[in-house]
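These are the residues of each chain, in order.
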Amino acid sequence: MSSTAGQVIKCRAAVAWEAGKPLVIEEVEVAPPQANEVRIKILFNALCHSDLYYWEAKTGAVDLIVETKMSFILQGFTPLFPRILGHEAGGMVESVGEGVTELKPGDHVLPCFTGECGDCRHCKSEESNLCETLRFNTDRGVMLNDGKTRFTKNGQPIYHFLGTSTFSEYTVVHVGCLAKINPAAPLDKVCVLSCGVSTGMGATLNVAKPEKGQSVAVFGLGAVGLAACEGARMAGAGRIIGVDLNPGRFSVAKIFGVTEFVNPKDHDKPVQEVIAEMTDGGVDRAVECTGSFHAMIQAFECVHDGWGVAVLVGVPSNDDAFKTHPLNFLNERTLKGTAFGNYKPRTDLPTQVEKYMNKELELDKFITHSVAFSEINKAFDYMQKGQSIRCIIRMDA
């Protein structure tokens, strides 16, 4: 057992006290884990756009990494402060609560914003990763066990985020949201698998499933879109067409296998028509990673009839509506959605880590910046300015 097991731990955390205001490094108290909970020491974080979005607490469509199911979208948006953000991270188990048998102190883990209880219908199904108990929820700021937080500062509760709150040197997470991984894996690299990279890559490899030599269009070349491009490259796609309104993203996208670029602003016709002309009737697969319902329609309408498949990844605004002619379906085009790239976190993330260790998976090229925990606001600045794909935050500095 850890020497601190069962005790309150005082540590540094980056607290978001107000929407859009710089995070403040504070000393907070982290309570021991309760039943089915694990307290972990966070060693590295990667800043994800979702952290930025919920820190800004604005409304509207955004290039998020969590997608599809209407139950996700209709949760609404409830700004919740003070809060400890962070969900893309790697760490080590410090202590475990009652009933936890899968993990022990010292185990290396990746926390995940969506879980895998192992017992519900979704977890038992090979077709779903949407755990009924631990499904993604942005509004919940407390633990499931007792409806309370595990973070306080001078007696004031500080809310959780996505059940992970990794912008703290120690955090408490439900055991079903932790993937045990190879301790030899570098946490400053594989931590990016716990959210955005897996979402984009899985959208292509697990859902769109392009065959070798086929064409793939990816809408949105942010971190998730680049991961979708990387998935297409890994699948052996013959053509990978990147679609984005920002031409500055095109040169970087080449590193991830993109062979051609389309900026909708450069054309006087709908981009789906442009792509159809480029590809003799449409691409074989399309992956949408923007959250714009316009891009969702374009992605669907640019796939070839008879066999084309479009996959939606981005989250639209609550009031958005997807409109297309029914003949697009009758002409045998397929539209799908995905959450976390259809990966089951506890089952599949360890396998992804092993692929990285075996040099079957490239992660380093997603990491463009690194900052000390004490300078975490620099990471937010890099992302707001569009300068970073993934910025690693070193928790020991």
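This text follows the structure it describes.
Residues numbered from 1 in each chain as written. Predicted model: local features only at pLDDT ≥ 70, side-chain atom pairs only at ≥ 80, totals over all residues. Heavy atoms only, no water.

Undergrad: Give a detailed account of the overall build of the chain, specifying residues and quantitative values.
TA: Assigned secondary structure in the chain consists of 12 helices and 17 strands. For the chain, the spread of C-alpha atoms along the principal axes amounts to about 65 × 40 × 40 Å. For the chain, with 397 residues in total, the buried portion stands at 55%. The chain carries 39 positive and 47 negative side-chain charges, and their two centres are separated by 3 Å. (Helix = DSSP H or I, 4+ residues; strand = E, 2+ residues; numbered from the N terminus. Buried < 20%, exposed > 50% of the residue type's maximum accessible area, 1.4 Å probe, protein only. Lys, Arg positive; Asp, Glu negative; His and termini not counted. Charge placed at Lys NZ, Arg CZ, Asp CG, Glu CD.)

Undergrad: An account of helix α9 (residues 293-301) is needed here, citing residue identities and associated values.
TA: At 3.6 residues per turn, the α-helix brings residues three or four places apart onto the same side. Every buried residue of α9 is listed here: A295, M296, I297, A299 and F300. Each element contacted by the buried residues of α9 is listed here: β10 (215-219), β13 (285-288), β14 (309-312), α10 (327-330) and β15 (334-337). (Contact = heavy atoms within 4.5 Å.)

Undergrad: Can you explain the sheet that holds β13? Please cite residues and give values.
TA: The strand order across the open sheet formed by six strands is β12-β11-β10-β13-β14-β15, and the pairing between neighbours is parallel. Lying at the two open borders of the sheet, with one neighbouring strand each, are β12 (260-262) and β15. Averaged over all adjacent pairs, the angle separating strand axes in this sheet is 20 degrees, with direction ignored. Across five bridges, the pairing between β10 and strand β11 (residues 239-243) is parallel. (Pairing = 2+ DSSP bridges. Axes fitted to C-alpha atoms, helices over the stretch in contact; angles between N-to-C directions.)

Undergrad: Tell me what's going on with the sheet that holds strand β2 (residues 24-30), and back it up with residues and numbers.
TA: The sheet built from four strands is open, its strands ordered β1-β2-β6-β7 with antiparallel pairing. The sheet is open, and its two borders are formed by β1 (9-15) and β7 (156-158), each paired with just one other strand. Each strand of the sheet is rotated relative to its neighbour by a mean of 50 degrees, with strand direction disregarded. Bridge count for strand β6 (residues 151-153) against β7 is three bridges, and the pairing is antiparallel. Pairing of T152 across the sheet is with P157, part of β7.

Undergrad: A description of the packing of helix α1 (residues 49-56) against helix α12 (residues 376-384) should follow, citing residues and the corresponding values.
TA: Close contact between α1 and α12 brings their axes to 10 Å; oriented N to C, the two are set at 95 degrees. For the element pair α1 / α12, the angle class is roughly perpendicular. Judged by residue contacts, H49, D51, L52, W55 and E56 of α1 engage F380, M383 and Q384 from α12. For the contact of α1 with α12, the per-class residue count stands at four nonpolar, two polar and two charged. (Parallel < 35°, antiparallel > 145°, perpendicular 65-115°, else oblique. Nonpolar A, V, L, I, M, F, W, Y, C, P; charged D, E, K, R; others polar.)

Undergrad: Let's hear about the side chain of T204: which residues, and what values?
TA: With respect to the helices and strands, T204 occurs in helix α5 (residues 196-208). Here T204 is in contact with K209, P210, A228, G231, A232 and V287, once residues within four sequence places are set aside.

Undergrad: I'd like a description of the environment of V243, backed by residues and values.
TA: In this structure, V243 sits in strand β11. Residue classification places V243 among the buried positions, given a relative accessible area of 3%. Taking the C-alpha atoms as reference points, V243 and F219, separated by 24 residues in sequence, lie 4.7 Å from one another. Look past the residues within four positions of V243 in its chain and what remains in contact with it is V218, F219, G220, L221, V262, P264, V271 and I275.

Undergrad: Describe in detail empty space enclosed by the protein, supporting the description with residues and values.
TA: Applying the stated criterion to the full structure yields three cavities of 30 Å³ or more. Here the largest cavity is characterised by a volume of approximately 150 Å³. Its residues placed into classes, the lining of the largest cavity shows eight nonpolar, four polar and three charged. (1 Å grid on protein atoms, 1.4 Å probe; cavity = no way out; pocket = protein on both sides within 12 Å on 5 of 7 lines; lining within 4 Å. Points joined across faces, edges and corners; volume = space filled by probe spheres on them.)

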